[in-house]
Amino acid sequence: MALIEYLNSVQKIISDSKRVLTEKVDLYSYSFDASFGKYLPDLVVQPKSVQEVAELMKLANRYEIPIYPRGQGTSLSGGPLPVKGGIVLDLSQWDTKLDIDAEDMVAVVSPGVLTADINHAAMEKGFIYPPDPSSSNVSTIGGNLAENSGGPRGLKYGVTKDYVIGLEVVTPEGEIIRTGGRTVKNVTGYDLTKLMVGSEGTLGIITEAILRLYPKPQATRTLMAIFDDIVDSGKAITSILGSGILPSKLEMMDNASIRAVEAYEPLGLPVEAEALILIELDGHPAAIDDEITQVHDVCTAADAKEVKVAQDDKEASGLWKARKLVSPAIVREKPTKISEDATVPRSKIPEMFQRLKEIKERYEIDLVVFGHAGDGNLHPNIIADKRNQEEMRRVEQAVEEIFKAAIELGGTLSGEHGIGTLKAPFMEMELGEVGLDMMKRIKQSWDPKNILNPGKIFAEPGQKLVLTDD
Amino acid sequence: MTKAELAYEETVDCVQCGYCLPACPTYLTMEKETHSPRGRINLVKMAAEGKITYSELEGPINLCLGCRACEVVCPTNVQYGTILESAKEVLRENQKRTSTFQAFIFENVLPNQTYMLAARASLSVYQQFGMQKIARATKALQWLPENVRSFESILPKTDKRTRRKKYSPEQEPIFKVGFFTGCVMDVMFSEINKKSIKLLQAAGCEVTVIKEQTCCGALQNHAGESNITKELARKNIAAFEKYDFDYIVNSIGGCGAMLVEYDRLFTDEEDWKKRAHEFVRKTVDISVILTQLKLPFQKEISKVVTYQPSCHLSNVQKRVEEPVNLLTSIPGIQYIPLPHKELCCGSAGIYNIVNYDASMQILDKKMGHVNQLTLRPEIMVATNPGCHLQLKLGVVREGLGEQMKVVHLVELLAEACALESDAKI
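The rules behind the values
Residues numbered from 1 in each chain as written. Chains lettered and ligands numbered in written order. Predicted model: local features only at pLDDT ≥ 70, side-chain atom pairs only at ≥ 80, totals over all residues. Heavy atoms only, no water. Helix = DSSP H or I, 4+ residues; strand = E, 2+ residues; numbered from the N terminus. Contact = heavy atoms within 4.5 Å. Areas by Shrake-Rupley, 256 points an atom, 1.4 Å probe, with all protein chains shown as cover. Lys, Arg positive; Asp, Glu negative; His and termini not counted. Charge placed at Lys NZ, Arg CZ, Asp CG, Glu CD. Buried < 20%, exposed > 50% of the residue type's maximum accessible area, 1.4 Å probe, protein only. Buried area = accessible area lost by both parts, 1.4 Å probe. Salt bridge = Lys/Arg side-chain N within 4 Å of Asp/Glu carboxyl O. Polar contact = N/O pair within 3.5 Å; in protein donor to acceptor, adjacent residues only side chain to side chain. Domains from an automatic or database assignment. Phe/Tyr/Trp six-rings, centres within 6.5 Å; stacked < 30°, edge-to-face > 60°. Lys NZ or Arg CZ within 6 Å of the ring centre and 35° of its normal. Expected span 1.5 Å × (residues − 1). Axes fitted to C-alpha atoms, helices over the stretch in contact; angles between N-to-C directions. Parallel < 35°, antiparallel > 145°, perpendicular 65-115°, else oblique. Nonpolar A, V, L, I, M, F, W, Y, C, P; charged D, E, K, R; others polar. Pairing = 2+ DSSP bridges. pLDDT = per-residue confidence, 0-100. Left-handed = near helix turned anticlockwise from the far one by under 90°.

1. Re the overall build of chain A
Part 1: The number of helices and strands found in chain A is 15 helices and 18 strands.
Part 2: Counting only C-alpha atoms and orienting by the principal axes, one finds that chain A spans roughly 70 × 60 × 40 Å.
Part 3: Counting only contacts in chain A whose residues sit at least 6 apart along the sequence, the fraction spanning at least 24 positions is 72%.
Part 4: Just so you have it, chain A exposes about 19,100 Å², and 49% of that area is on carbon and sulfur atoms.
Part 5: Considering chain A, the positive charge centre built from 52 side chains and the negative charge centre built from 71 side chains are found 2 Å apart.

Structure (structure tokens):
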């Protein structure tokens, strides 16, 4: 009943009926993201102004109907899933503002702007927007802000939160506030900007963001080093970073991913090698020419079996191809890919590798490891078939073990994918009872009726990890 | 005859990452997940699981262009084409034949040379006797629905269709080529077929046009008529395998895509699968052969040229470089790449007639990209008759009729080689 009244009121707020979706096929189309689970919303609304969002939020408050902000649904943790029914707020079509201010070195953007488009627009004026999640051609900045996304460049440049200096937010009660501003320095009161970033849409709806830009590096160089022993590759990584060089990207692939890629498309990778690392340096051409030689020498000293330095951009993209092909290569045998992002301190990378190997054997799962080795954000990927229930139970147990291992080694549940529905049951393990309670108190004071993205971050009593859609 | 089934297993391969969204023209114009590849795959899955009905599935499936740009960007190789075709087939089977006219065209007119000849005859009579002018001047065609009317004004001048015979080069032939004419192409754009043959001949090929060939079956297949498609495929395979051709060549992006997927039609018929495989192995777009050979360019074409690739040539036949390499090899040409050229123009077989409004939205987006170019192209190149007509319409809609010409790649090459089609062909 409340919903019908609400629908009438929604139609008054959103004059364009095309932006209010009620048909079954539409509801099914917004029932999922890139993680697991399917939940039908009652309604999908596509707002395009802060006034529309504020009015919708006020109505939701009056009728106590849950609201779930959503970008383009690339979340790997269940962020936008409408787990308790209600309204999905599709913000992906609101991409009207993308202003680059060269003088202040900031970008001011609407929530639906694609992350890669911000970087492209910045580059035209001689800047970059560094956060580069691998989905940046698809993901919206609103989603990146909600999840505090990272990416390969995180090692040198940090993650989304390091670039956000101001926000416009609609509160769960439908008020419009502004946090931070256009200055790098700003210590006026609590840092609500940083609180909002990574809050997974549970505290407010971001309707505009002011993002810092960096000067565009003049050049890049790429190097690939191949190791017979995975521990040697870990040592090489530590030595490179210890020698005062900060690569813009430092990615690694384990033996299973090398084999998968070679079987998928022969690139001439050595299938017996235990690990390979790919390094990209950026900066002044003279400086990185010097640094690439140093990196080469460090890798050789760490017993690299082979070191290849790309001589031009074409050779560089040839080397990166190996990394790009990992995803299509590993899903050839079985379709379900569980991409984990548990992260450990850099010094614990070799130990984490050992733990992953044990988990792989204990639960007899197909596990490959590739990812952002430079910042300890390894991506152990489990390949399975979600139709095989017995296998999925083993996978669920293995995933739990991975979380435990990461936390025991002083790391974290999630480096960049977010908690969402998927990792909620493990929050207390990392934060402790009081730590988690402090977070719940924040949520309670911001959203007393618990209508903004309910069911995320905080587990329901008895909630367990589930990696199936049913 | 087995009952059509949704390709459920293939839908499970989709990890729902969403990388296909920015590549999908209908997601960009219709602005909702329901009309995206990921959304459609999910809906096919939901229909297979009985969560939505076939009639609910119909809208999103019918509004898919079938351009298959999503397959190219998919990081996990989901077979979208197979999923789409299965859905069309199931929908076709479950729907009462609402459009008997369409069924009649698919089953009888396109594959039938007599009907097509009659169509050509009426088209040329209409044009030659000035009826087109009269009709246009008096707006006699106003009573036609807008979708048909729009195309009336841009129909090409038809000519005598290709005669069945062998065309030999001056020297010992480098390749023996069987030329695939295509049914619509042979009527609407017979000039292009003639020029294709001349080019192949000039580049050193012996070209044979065999009578036994028939329609490729693409339009039928896109409408879910898999049995008719298979029948046509069998006819073509049987026709061409009787000859000793090195290659089976066509100049039609869309037909070529159907031809190179003939083997996928016969998953459970070993013998036909094998024969289809051999047919597929020999089938190539004309741009592939011509890039391997030397073209006798005679004159410079000092024009600014852009190119809108045929989706089926790029995404299904996977020929992206060849047409561009040929284009840029023409002396005097200034080639400027069209931004977002990987997005479909909205032609998509008969999509622009049955889904006219949706198609025009996509076309307007395409023309918006043309207008973004800092230098205005004098020529826009196409590699498929459907795109050719659609782009012509786009040029007219933008009021650029006088400034921008739409031509097939073959026409431009023939001009640069000073090959006029003459009565001999």
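Structure's up, so let's keep going.
2. A word on the overall build of chain B
Part 1: For chain B, the count of helices and strands is 23 helices and 9 strands.
Part 2: Out of the 425 residues in chain B, the part that is buried amounts to 58%.
Part 3: Partitioning the intrachain contacts of chain B with sequence separation of at least 6 by distance along the chain shows that 79% fall at a separation of at least 24.
Part 4: Summed over all atoms, the accessible surface of chain B reaches about 18,000 Å², with 52% contributed by carbon and sulfur.

3. Considering the interface of chain A and chain B
Part 1: The partner chain B presents 27 residues to the 31 residues of chain A that form the contact.
Part 2: In this assembly, chain A packs against chain B so that about 2,600 Å² is buried in total across both faces, 50% of it on carbon and sulfur atoms.
Part 3: Linking chain A to chain B there are 5 salt bridges.
Part 4: Between R70 of chain A and E33 of chain B there is a salt bridge, with the nearest N and O atoms lying 3.6 Å from each other.
Part 5: In this structure, the connection of chain A to chain B is made through 15 residue pairs in polar contact (both at pLDDT 80 or more).
Part 6: For the side of chain A that touches chain B, the secondary structure elements donating two or more residues are α2 (24-29) and α12 (326-330) of chain A.
Part 7: Per-element tally for the side of chain A that touches chain B: the top contributor is α2 of chain A, with 5 residues.

4. Here we look at the domain arrangement of chain B
Residue and element names in this part refer to chain B.
Part 1: According to the domain assignment, chain B consists of domain 1 (8-94) and domain 2 (296-416).
Part 2: Computed over C-alpha atoms only, the centres of domain 1 and domain 2 are separated by 27 Å.
Part 3: Taken together, the contact between domain 1 and domain 2 spans 16 residues of the former and 15 residues of the latter.
Part 4: In this assembly, domain 1 packs against domain 2 so that about 1,200 Å² is buried in total across both faces, 66% of it on carbon and sulfur atoms.
Part 5: Looking at the side of domain 1 facing domain 2, the largest losses of area belong to T29, L65 and C67, adding up to 40% of the total buried there.
Part 6: Applying the counting criterion to the domain 1 and domain 2 interface returns 0 salt bridges.
Part 7: Taken together, the links from domain 1 to domain 2 amount to 4 residue pairs in polar contact (both at pLDDT 80 or more).
Part 8: Residue assignment for the side of domain 1 that touches domain 2 shows that the elements contributing at least two residues are α2 (25-30) and α5 (69-73).
Part 9: For the side of domain 1 that touches domain 2, the element with the most residues is α2, which contributes 5 residues.

5. Points about the domain arrangement of chain A
Part 1: Domains assigned within chain A are domain 1 (2-90), domain 2 (219-329) and domain 3 (333-417).
Part 2: Here the C-alpha centroids of domain 1 of chain A and domain 3 of chain A sit 33 Å apart.

6. Observations regarding helix α23 (residues 409-416) of chain B
Residue and element names in this part refer to chain B.
Part 1: Most of α23 is tucked away: 6 of the 8 residues are buried.
Part 2: Among the residues of α23, L409, V410, L412, L413, A414 and A416 are the ones counted as buried.
Part 3: As for α23, its buried residues are in contact with α12 (190-202), α17 (286-292), β6 (304-307), α19 (321-329), β8 (379-382) and β9 (405-408).

7. Structural notes on the packing of aromatic side chains
Part 1: The final tally for this structure, using the stated rule, is 12 aromatic pairs over all chains.
Part 2: Over the aromatic face of W320 of chain A sits the side chain of K249 of chain A, whose NZ or CZ is 5.2 Å from the ring centroid.
Part 3: The lysine or arginine in question, R234 of chain B, covers the ring of W272 of chain B, its NZ or CZ lying 5.7 Å from the ring centre.

8. Brief notes about helix α3 (residues 37-48) of chain B
An α-helix turns once every 3.6 residues. As a result, residues three or four positions apart point the same way.
Residues and elements named next belong to chain B.
Part 1: The terminal C-alpha atoms of α3 lie 16 Å apart, and with 12 residues this matches the ideal 16 Å at 1.5 Å per residue to within 8%.
Part 2: For α3, a buried count of 11 out of 12 residues is recorded, marking the element as mostly surrounded by other parts of the structure.
Part 3: When α3 is considered as a whole, its buried residues turn out to be P37, R38, G39, R40, I41, N42, L43, V44, K45, M46 and A47.
Part 4: Immediately downstream of α3, the backbone of G50 shows phi near 80°, a positive value.

9. Remarks on the pattern of salt bridges
Residues and elements named next belong to chain A.
Part 1: What the rule picks out here adds up to 50 salt bridges over all chains.
Part 2: Residues R153 and D132 are paired through a salt bridge, measuring 3.8 Å at the closest nitrogen-oxygen approach. Of the two residues, R153 sits in the loop between α5 (141-147) and α6 (154-157) while D132 sits in the loop between β7 (127-128) and α5, which places them 21 residues apart along the sequence. Summarising the burial analysis for this pair, R153 and D132 share the class buried.

10. Brief notes about the packing of helix α21 (residues 356-372) of chain B against helix α22 (residues 385-397) of chain B
Residue and element names in this part refer to chain B.
Part 1: The N-to-C vectors of α21 and α22 enclose an angle of 70°; their axes lie 10 Å apart at closest approach. Here α21 is positioned roughly perpendicular relative to α22, judged by the angle of their axes. Between α21, through Y356, S359, M360, L363, D364, K366 and M367, and α22, the contact on the second element is made entirely by Q390, L391, L393, G394, V395 and R397.
Part 2: Of the residues in the contact of α21 with α22, the class split is 7 nonpolar, 3 polar and 3 charged.

11. Thoughts on the sheet that holds strand β13 (residues 249-254) of chain A
All names here are of chain A.
Part 1: Taken in spatial order, the 7 strands line up as β15-β12-β14-β13-β17-β18-β16 in an open sheet, and their pairing is antiparallel. Every interior strand has two partners, whereas the edge strands, β15 (306-309) and β16 (336-339), have only one. Each strand of the sheet is rotated relative to its neighbour by a mean of 20°, with strand direction disregarded.
Part 2: Pairing of β16 with strand β18 (residues 377-384), which is carried by 4 bridges, proceeds in the antiparallel orientation.

12. Considerations on the pairing of β8 of chain B
Residues and elements named next belong to chain B.
Part 1: Taking every second residue as pointing to the same face, both faces of β8 are buried, with I379 and V381 on one and M380 and A382 on the other.
Part 2: Two elements, β6 and β8, share 3 bridges in a ladder whose sense is parallel. Across the sheet, the residue bridging to Y307 is V381, located in β8.
Part 3: As paired strands, β8 and β9 are joined by 4 bridges and run parallel to one another.

13. Remarks on the pairing of strand β5 (residues 98-101) of chain A
Residues and elements named next belong to chain A.
Part 1: Both β5 and strand β6 (residues 106-109) contribute to a ladder of 4 bridges, which runs antiparallel. Along β6, the bridge assignment pairs D101 with V106.
Part 2: Count of turn residues in the β5/β6 antiparallel hairpin: 4 residues, of which M105 carries a positive phi of about 55°.

14. Quick notes on the environment of R62 of chain A
Residues and elements named next belong to chain A.
Part 1: Tracing the chain through its elements places R62 in helix α3 (residues 50-63).
Part 2: Residue class for R62 comes out exposed when judged on its relative accessible area of 59%.
Part 3: Taking C-alpha positions, R62 is 10.0 Å from K449, a pair spaced 387 residues apart along the chain.

15. Quick notes on the confidence of the model for chain B
Residue and element names in this part refer to chain B.
Part 1: When pLDDT is averaged along chain B, the result is 87; 82% of the residues meet or exceed 70.
Part 2: Averaged pLDDT values over the elements of chain B bottom out at 47 in helix α9 (residues 131-138) and peak at 98 in α3.
Part 3: For the stretch residues 133-144, pLDDT sits under 50, and the model shows 10 contacts to residues farther than four places along the chain or on other chains.

16. Concerning the sheet that holds strand β4 (residues 87-90) of chain A
Residue and element names in this part refer to chain A.
Part 1: Strand order in this open sheet of 4 strands is β1-β2-β4-β3, and the pairing throughout is mixed. Across the chains shown, the open sheet's two edge strands, defined by having one partner strand only, are β1 (20-21) and β3 (67-70).
Part 2: Judged from the 3 bridges that link them, strand β2 (residues 43-45) and β4 form a sheet pairing that is parallel. Its bridge partner being in β4, V44 is matched across the sheet by V88.
Part 3: Those strands touched by α3 are β2, β3 and β4, and its axis lies near 150° from that of β3.

17. Regarding the packing of α3 of chain B against helix α6 (residues 80-94) of chain B
Angle between the axes and distance between the axes: these two values describe a pair of packed helices.
All names here are of chain B.
Part 1: Following both chains from N to C, one finds α3 and α6 inclined at 50°, their axes separated by 11 Å at the closest point. By the criterion of interaxial angle, the relationship of α3 to α6 is oblique. Crossing of α3 against α6: the hand is left-handed. Here P37, R40, I41 and V44 of α3 lie close against α6, whose contacting residues are Y80, I83 and A87.

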